[in-house]
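Analysis of the macromolecular model
These are the residues of each chain, in order.
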Amino acid sequence: MSSNPGPALDIYRTVAAVRAFRSELRKANQTLGFVPTMGALHSGHISLVEQAAAENDAVVVSIYVNPTQFGVHEDLDSYPQTWDADLARLETLNARLRGTGARGLVKAVFAPATRVMYPVLPPTSEINGTGSFVTISPLGQVLEGASRPVFFRGVATVCMKLFNIVAPDTVYFGQKDVQQTVVIRRMVQDFHLDIQVRIGKTLREVNGLAMSSRNVYLGDRRFRVGAVLYRALQAAEAQIRGGKMNRPDILQAANDVVRSERATQEALQPDQRALFDVDYISIADPDTMEELDEVVESKGAVISGAIKMMPVENPSLDEDCGLGGGIVPVRLIDNIIVGPAAP
Ligand code: AMP
């Protein structure tokens, strides 16, 4: 493998700079893959970038923490920002890609300021706030959208802006945020965007917990217990794979796992346990994300869930409580797609 670090990545801050880069690529007949992120890159992000590099001549990664997808009381101010480490990860990936002879490389990072992304009115997180928004309903209002009412309006809006600026051939999103992938596909379809949407599989920690930028807030205890969500979804999946297609059977399997873990935690002393609340467990239609009473084999289902890990209680002095000392609750989401049976 080559140890040649190669040329540094181009960092673009303006729309004009990205457009100039894009127009050069077009002249050279090169395809462009695009991976939108909010930074704090982990292996899940990198796997999407790798997929983009395998399928395109050039890749752009955006790093932008978009304020309009955070609710007024959400964690915008504390969202992890790790700019230098992010760039280092992308440079390391490029060195690896050069060594393995991949088709494309990460050519540029687009990291705009908010006044670039929202040039006219300041961004708002208010439900009735004014501005130019893309709303995808009712898809964006169920599940994550029910818990976070402005979330998908913010996501669809910033992705529309980014797609218009970067003008990629193909965009890459993670299955980890499954409802987001359905919203983006719908936006691309409904607005006739000339873009392919590709979905990468969810990368997980060894205990099954889905990787997420927010996991740095968990600390040891909550990291261990947080894996309950994936186990619950797997139990639901096993029901469907075993031929149990009705909602109560599927949900019960997931709820049993969650209840048992909660009982285990409640029986522990406060300085040992990690308590959590379940926000939802859902069995939904893969196209509409509407709840299903019965899973139809030819259509499949998305089993998804969200739990909130409560603050760490009575931590000992040497305990790893995560960034922020364990005082912030951490919301975890995850999903499993049970694909349609082959016709
Ligand atoms: P974010 O920075 O959280 O907005 O995520 C940027 C992209 O990375 C989104 O398309 C996410 O779905 C994707 N992503 C996040 N976590 C994972 C993961 N564990 N595995 C694969 N992709 C992920």
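Refer to the structure printed above.
1. Comments concerning the overall build of the protein
Across its full length, the protein holds ten helices and nine strands. For a compact globule of 343 residues, the expected C-alpha radius of gyration is about 20 Å, and the protein comes in at 21 Å, within 12% of that figure. Considering only C-alpha atoms, the protein reaches an extent of 65 × 55 × 50 Å along its principal axes. Per-residue burial for the protein yields a buried fraction of 50% across its 343 residues. Long-range contacts, defined here as pairs at least 24 residues apart, represent 77% of the contacts in the protein between residues at least 6 apart. Accessible surface computed for the protein: about 16,100 Å², of which carbon and sulfur atoms make up 52%. Each charge class in the protein was averaged separately, 34 positive and 39 negative side chains, and the resulting centres sit 5 Å apart.

2. What to know about helix α3 (residues 83-100)
When the terminal C-alpha atoms of α3 are compared, their 26 Å separation across 18 residues agrees well with the 26 Å that a helix rising 1.5 Å per residue should span. Three or more residues of α3 are buried, namely D86, L87, L90, L93, N94, A95 and L97. Its buried side turned inward, α3 meets β1 (10-12), α2 (43-55), β3 (58-63) and β4 (105-110). Among the residues trailing α3, G101 stands out with phi positive, at a value near 65°.

3. Re the nonpolar core
Judged by nonpolar contacts, the single largest core of 44 residues is most densely connected at V60, F110, M117, C159, F163, I184 and M187. Considering each element in turn, this core owes the most residues, eleven residues, to helix α6 (residues 151-166). What I184 contacts, discounting residues up to four positions off in sequence, is V155, C159, F163, F173 and V197. Of all hydrophobic cores here, the second largest spans 30 residues; its members include L229, A274, I283 and I336.

4. Considerations on the packing of aromatic side chains
The tally for this structure, following the rule as stated, stands at five aromatic pairs. Arranged with centres 5.6 Å apart and planes meeting at 45°, the rings of Y12 and F21 form a pair that is tilted. F21 carries the same exposure label as Y12, and that label is buried. Members of the aromatic cluster, each reached through a chain of ring pairs, are F34, F163 and F173. Sitting above the plane of the F151 ring, R148 keeps its charged end 4.2 Å from the centroid. A cation over a ring is seen here: R153 above F133, with NZ or CZ 4.0 Å from the ring centre.

5. So, the environment of N215
Structurally, N215 is set in the loop between β6 (196-200) and α8 (219-226). Placed 140 residues apart in sequence, N215 and D75 show a C-alpha to C-alpha distance of 13 Å. Non-local contacts of N215, meaning those with residues more than four positions away in its chain, are made with E205, L209, A210 and L332.

Calculation criteria
Residues numbered from 1 in each chain as written. Predicted model: local features only at pLDDT ≥ 70, side-chain atom pairs only at ≥ 80, totals over all residues. Heavy atoms only, no water. Helix = DSSP H or I, 4+ residues; strand = E, 2+ residues; numbered from the N terminus. Rg over C-alpha atoms; globule rule 2.2 N^0.38 Å. Buried < 20%, exposed > 50% of the residue type's maximum accessible area, 1.4 Å probe, protein only. Contact = heavy atoms within 4.5 Å. Areas by Shrake-Rupley, 256 points an atom, 1.4 Å probe, with all protein chains shown as cover. Lys, Arg positive; Asp, Glu negative; His and termini not counted. Charge placed at Lys NZ, Arg CZ, Asp CG, Glu CD. Expected span 1.5 Å × (residues − 1). Core = buried A, V, L, I, M, F, W, Y, C linked by side-chain atoms within 4.5 Å. Phe/Tyr/Trp six-rings, centres within 6.5 Å; stacked < 30°, edge-to-face > 60°. Lys NZ or Arg CZ within 6 Å of the ring centre and 35° of its normal.

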